[in-house]
Amino acid sequence: MEIGISTFLETTPHPLTGEKVSHAERLRRAVEEIVLAEQVGLDVYGIGEHHRADYAASAPELVLAAAAPLTKRIRLSSAVTVLSSNDPVRVYQAFSTVDGLSDGRAEIMAGRGSFIESFPLFGYDLNDYDDLFDEKLELLLKIREQEKVNWPGSKHRPAIVGKGVYPRAVQEPLPVWIASGGNPESAVRAGMLGLPIVFAIIGGMPERFAPLVELYKRAAAKAGHDPSKLQIASHSHGFVADTTQLAADTFFPYNQSQMNMIGRERGWPPMSRASYDASRDIRGALYVGDPEFVAEKIVNLRKQLGLTRFFLHLDVGSMPREEVMHAIELLGTKVAPIVRKEIARLEA
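Residues numbered from 1 in each chain as written. Predicted model: local features only at pLDDT ≥ 70, side-chain atom pairs only at ≥ 80, totals over all residues. Heavy atoms only, no water.

Turning our eyes to something else, we now look at the overall build of the chain. Counting its secondary structure elements, the chain contains 11 helices and 12 strands. Taken along its principal axes, the extent of the C-alpha atoms in the chain is 60 × 50 × 40 Å. For the chain, the share of sequence-separated contacts (at least 6 apart) that also reach a separation of at least 24 residues comes to 72%. Carbon and sulfur atoms make up 54% of the accessible area of the chain, which amounts to about 14,700 Å² in all. Positive and negative charge centroids in the chain, built from 39 and 44 side chains respectively, lie 3 Å apart. (Helix = DSSP H or I, 4+ residues; strand = E, 2+ residues; numbered from the N terminus. Contact = heavy atoms within 4.5 Å. Areas by Shrake-Rupley, 256 points an atom, 1.4 Å probe, with all protein chains shown as cover. Lys, Arg positive; Asp, Glu negative; His and termini not counted. Charge placed at Lys NZ, Arg CZ, Asp CG, Glu CD.)

To continue, consider unusual backbone geometry. Cis geometry marks the peptide bond from alanine 79 to valine 80; its omega dihedral reads 20 degrees. In this fold, valine 80 is placed in the loop between strand S3 (75-78) and strand S4 (81-82). With an omega of 0 degrees, the peptide bond running from glutamate 172 to proline 173 counts as cis. Structurally, proline 173 is set in the loop between strand S7 (160-164) and strand S8 (176-180). Of note, the phi angle at aspartate 103 is positive, near 55 degrees, even though the residue is not glycine. Relative to the helices and strands, aspartate 103 is located in the loop between helix H3 (88-101) and strand S5 (106-111). Positive phi values are uncommon outside glycine, yet aspartate 315 reaches one of about 75 degrees. Among the structural elements, aspartate 315 can be located in the loop between strand S12 (309-313) and helix H11 (321-347). Here aspartate 315 falls in the buried class, since its relative accessible area comes to 4%. (Buried < 20%, exposed > 50% of the residue type's maximum accessible area, 1.4 Å probe, protein only.)

Following this line, the structure appears as structure tokens:
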């Protein structure tokens, strides 16, 4: 069971003071967080690509590359790479470069993106949202399998005839995960391709993703892949503090501010303290509490979905640096050991 951090490198205003860090400062903090995450024993750190003023993560691979020579063990992933509006050649080259710098620790988490700013920014039509992802995923997988690429081309991408793509990754193959917000088609696609999958579980009850996991495994088995070797991860919001009450009270204003901002864009109802506290319940989607409580929730998720990896999404609402760093420390030194020990006991 791998445990790690995911982040979008938020630079949203502080909900109480209105202050915010610069993009440059948030980028530097990310490198510090990756180094600390390794030091406290976490397995992976992922950065999600976004193209908005309130996030600093338009080029996750550059931040991961900066951290690569400062670390030796932790895996360095996107969370996600918006493949639909990107060039698969450049995506492979960027992450194979991170793979070389880190001596084989880079990963790509490919998704269509829940935010759409990158599509007009790079000249893509949102009407092609699904077709773009299908075609570009196919090309990315071909590039990672073949040094010299032959690609017939499409309306979205010119042909490639016998061209080499370099540098080649240290890992063979370079890991590519499929990111899904709960779309059945995404689960089927990942299963048929035999690719690992990450579910963004940020609302409702996580157990509702169990049918999608079964769909994923059935599709994999039908395509000839061994379901027992598949990797399944979740990306879930949360915060760890020394006590559950402290975690709940500290995290609430930041989480409320960020969720309500996105909610206004998407038509969600406002988050109240009551709805927030309900999501912190043992069956809820928020992983907020002391190390023992957060560990218990992660173990439950393992039982429900068969997870092999858990991402705690930190820095929701631009939390202060010291609080984020302490949460990372607790996740690595307290939560992760409890989870691993309990899973070993249950599955012995």
